Amino acid sequence: MQLQDVLYGVAINNLVGKTNRVISALTFDSREVQRGAVFFAVKGTLSDGHTFINQTIAAGATVIICEQTPAEINPEVTYIVVENTSVALGIMASNYYGNPSSSLKLVGITGTNGKTTIATILFKLFRSLGFHTGLISTVQNQVNDKIIPATHTTPNPLALNQLLKQMVELGCTYCFMEVSSHAMVQHRIEGLTFAGGVFSNITHDHLDFHQTFDNYIKAKKSFFDSLPKGSFALTNSDDKNGMVMLQNTRASKKTYALKQLADYKVSIIENRFSGLNLEIDHTDVFFKLVGSFNAYNLAAVYGTAMLLGQDKLQVLTLLSNLTGAEGRFEEVPNSKQIIGLVDYAHTPDAVQNVLSTIHDIRKGTEQVITVIGCGGDRDKTKRPVMAQVACDWSDKVILTSDNPRTEDPHQILAEMEVGVSPTNRRKTLTIADRKEAIKTACHLARPGDIILIAGKGHEKYQDINGVKYHFDDKEVLMEQLNLIS
Ligand SMILES: CC(=O)N[C@H]1[C@@H](OP(=O)(O)OP(=O)(O)OC[C@H]2O[C@@H](n3ccc(=O)[nH]c3=O)[C@H](O)[C@@H]2O)O[C@H](CO)[C@@H](O)[C@@H]1O[C@H](C)C(=O)N[C@@H](C)C(=O)N[C@H](CCC(=O)O)C(=O)O
Ligand SMILES: Nc1ncnc2c1ncn2[C@@H]1O[C@H](COP(=O)(O)OP(=O)(O)OP(=O)(O)O)[C@@H](O)[C@H]1O
Ligand SMILES: N[C@H](CCC[C@H](N)C(=O)O)C(=O)O
Ligand SMILES: [Mg+2]
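Note that the coordinates shown come from a computational prediction; the quantities given were computed from them, not determined experimentally.

**Section: the overall build of the protein**
- A tally of helices and strands in the protein yields 17 helices and 24 strands.
- Compactness check: the protein gives a C-alpha radius of gyration of 24 Å against a globular reference of 23 Å for 485 residues, within 12% of the reference.
- Projected onto its principal axes, the C-alpha positions of the protein cover 75 × 50 × 40 Å.
- Taken as a whole, the protein presents about 20,200 Å² of accessible surface, with 51% of it coming from carbon and sulfur.
- In the protein, 46 positive and 49 negative side-chain charges are present, and the distance between their average locations comes to 2 Å.

**Overview of the packing of helix α16 (residues 434-444) against helix α17 (residues 473-483)**
- Closest axis-to-axis distance for the α16/α17 pair is 9 Å, and the angle between their directions is 40°. In terms of axis orientation, α16 runs oblique to α17. By crossing handedness, the relation of α16 to α17 is classed as right-handed. Residues Arg434, Lys435, Ile438, Lys439 and Cys442 of α16 form the contact with α17, whose participating residues are Asp473, Val476, Leu477, Glu479, Gln480 and Leu481.
- A breakdown of the residues in the contact of α16 with α17 according to their chemical character gives five nonpolar, one polar and five charged.

**A short note on the UniProt feature "domain: Mur ligase central" (unreviewed entry) in the protein**
- Under the UniProt annotation, "domain: Mur ligase central" (unreviewed entry) lies at residues 109-304.
- Spanning residues 109-304, this segment combines 34% helix with 28% strand, and its end C-alpha atoms are found 10 Å apart.

**Notes on the site of ligand 3**
- Taken together, His206, Tyr344, His346, Gly375, Arg378, Asp402, Asn403, Arg405, Gly455 and Glu459 make up the full set of residues near ligand 3.
- Here a nitrogen atom of ligand 3 and a backbone polar atom of Gly455 are 2.8 Å apart.
- Note that a nitrogen atom of ligand 3 is positioned 3.2 Å from one of the side-chain N or O atoms of Glu459.
- Here ligand 3 loses 86% of its free accessible area of 350 Å² to cover by the protein chains.

Calculation criteria
- Residues numbered from 1 in each chain as written.
- Chains lettered and ligands numbered in written order.
- Predicted model: local features only at pLDDT ≥ 70, side-chain atom pairs only at ≥ 80, totals over all residues.
- Heavy atoms only, no water.
- Helix = DSSP H or I, 4+ residues; strand = E, 2+ residues; numbered from the N terminus.
- Rg over C-alpha atoms; globule rule 2.2 N^0.38 Å.
- Areas by Shrake-Rupley, 256 points an atom, 1.4 Å probe, with all protein chains shown as cover.
- Lys, Arg positive; Asp, Glu negative; His and termini not counted.
- Charge placed at Lys NZ, Arg CZ, Asp CG, Glu CD.
- Axes fitted to C-alpha atoms, helices over the stretch in contact; angles between N-to-C directions.
- Parallel < 35°, antiparallel > 145°, perpendicular 65-115°, else oblique.
- Left-handed = near helix turned anticlockwise from the far one by under 90°.
- Contact = heavy atoms within 4.5 Å.
- Nonpolar A, V, L, I, M, F, W, Y, C, P; charged D, E, K, R; others polar.
- UniProt positions renumbered as here; feature names shortened; annotations may be inferred.
- Near = heavy atom within 4 Å.
- Polar contact = N/O pair within 3.5 Å; in protein donor to acceptor, adjacent residues only side chain to side chain.

Below, the structure is given as structure tokens:
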């Protein structure tokens, strides 16, 4: 492929060298450079890609995309100076893979909680409606029935466009993808054409990355600001910032809500362990998902399906049979009459939603035992709040580790303990080893009790110092529940 063919749409500040040259690949990582590659020098959180420029030329890179013209110019190399290399990467990745997003109806879902749930149910719904469909999510990526493991919630622009290209090649007409706030700030979705955007909610998370809640809101809003005319922007108008998201969008504005009038209005008739009975657009339907937060997710899914022109009754009939994403409010079967739940709640709001759901549907006499940890190298300010919410809504809490990454697990636990009030201290234990913590919860439980293992959901690992050790909450909970006598 010729360099000039992938430059379409890129605003160039300075050009040194020729653009009519063959390129072999695009890369933003010096360690992956091959002969004839284009190297994008990206300024990251840990290092600055500009420091690797000469190293990549030595390894065979012939084109450098950068933000400053380097002091040392190699006459064999083309240098393209742009305002922001991440933006150029997004646009050029799309061009390189033939702009696959414009051949699909691509719908992006953003918000603090609920993205995976909404995207996964939409994917399952459109598969059952008979469409070839793609999914890009935290749990996994999918092209029809083919599963492609996920490394991020929203992949980098190269992986993303490669996936979208596969979807187009395999005949997909729809793709539902999660758009994380990191992805927006890092321009991972630059150059993509969206048919619509969906907002779930915004609550406390990722303040390590965004610094302030205001910046976090701005990051989410930038997705809706960038939607094209002719697309739709569907928001949760019950969320305090739901309408803020749509303030400057050119897309057609639509709302869903439980507490007020909206384009797609849902009311809860009944919320039980077996599922939700909802009135959705004046029709009474039973769903397999549990909890009022899932009523919001289902409203978002329903609204999206309507905006994509699907038939109401067919959609509701199929939706009522669908389950959510792996590791979200998932019950672990056992013979001890203990309700064992695994959930991916890893923000204060999610923990509160899951525990208040349990509170609303429990009979009243049983204990709720929660096992919970907080991730290392992630927002530290949510640690005491998550511990506090867990204690306020549970009879017993075991604080434990959840991906300490490069941090000391005992330090993370000490920061969580700050949120445990003196009165809550009596019901709290701290056990750093997650398996031991789950084992203890199982020993403490009596028949009828409810155990919630929060934070890891579908994850199959414990990330300690860069090594991902196999760990599966469901597997451990099932094993321990069946071991107790
Ligand atoms: C905080 C964050 O988002 N980090 C991502 C970011 O890394 P970074 O900015 O720190 O990169 P860096 O290490 O400083 O390097 C800067 C540049 O130099 C390059 N480099 C670096 C070293 C080298 O030897 N040679 C080289 O060329 C890198 O490839 C990069 O282009 O860019 C990297 C390349 O794309 C990502 O792998 C990395 O994700 C890390 C692993 C990560 O954990 N990200 C999480 C926080 C994340 O993105 N999460 C969101 C979801 C969150 C949610 O929804 O809850 C997601 O979308 O998954
Ligand atoms: N609409 C919602 N509102 C609040 N909490 C929710 C909602 N949907 C799900 N949750 C809670 O948040 C957890 C994560 O849900 P989900 O995986 O769908 O979110 P996500 O936005 O994809 O998260 P991530 O940012 O990690 O990708 C669930 O396990 C549940 O506890
Ligand atoms: N997408 C989230 C997942 C958090 C899951 C939890 N298990 C943790 O490691 O904190 C993040 O990367 O912040
Ligand atoms: Mg997700």
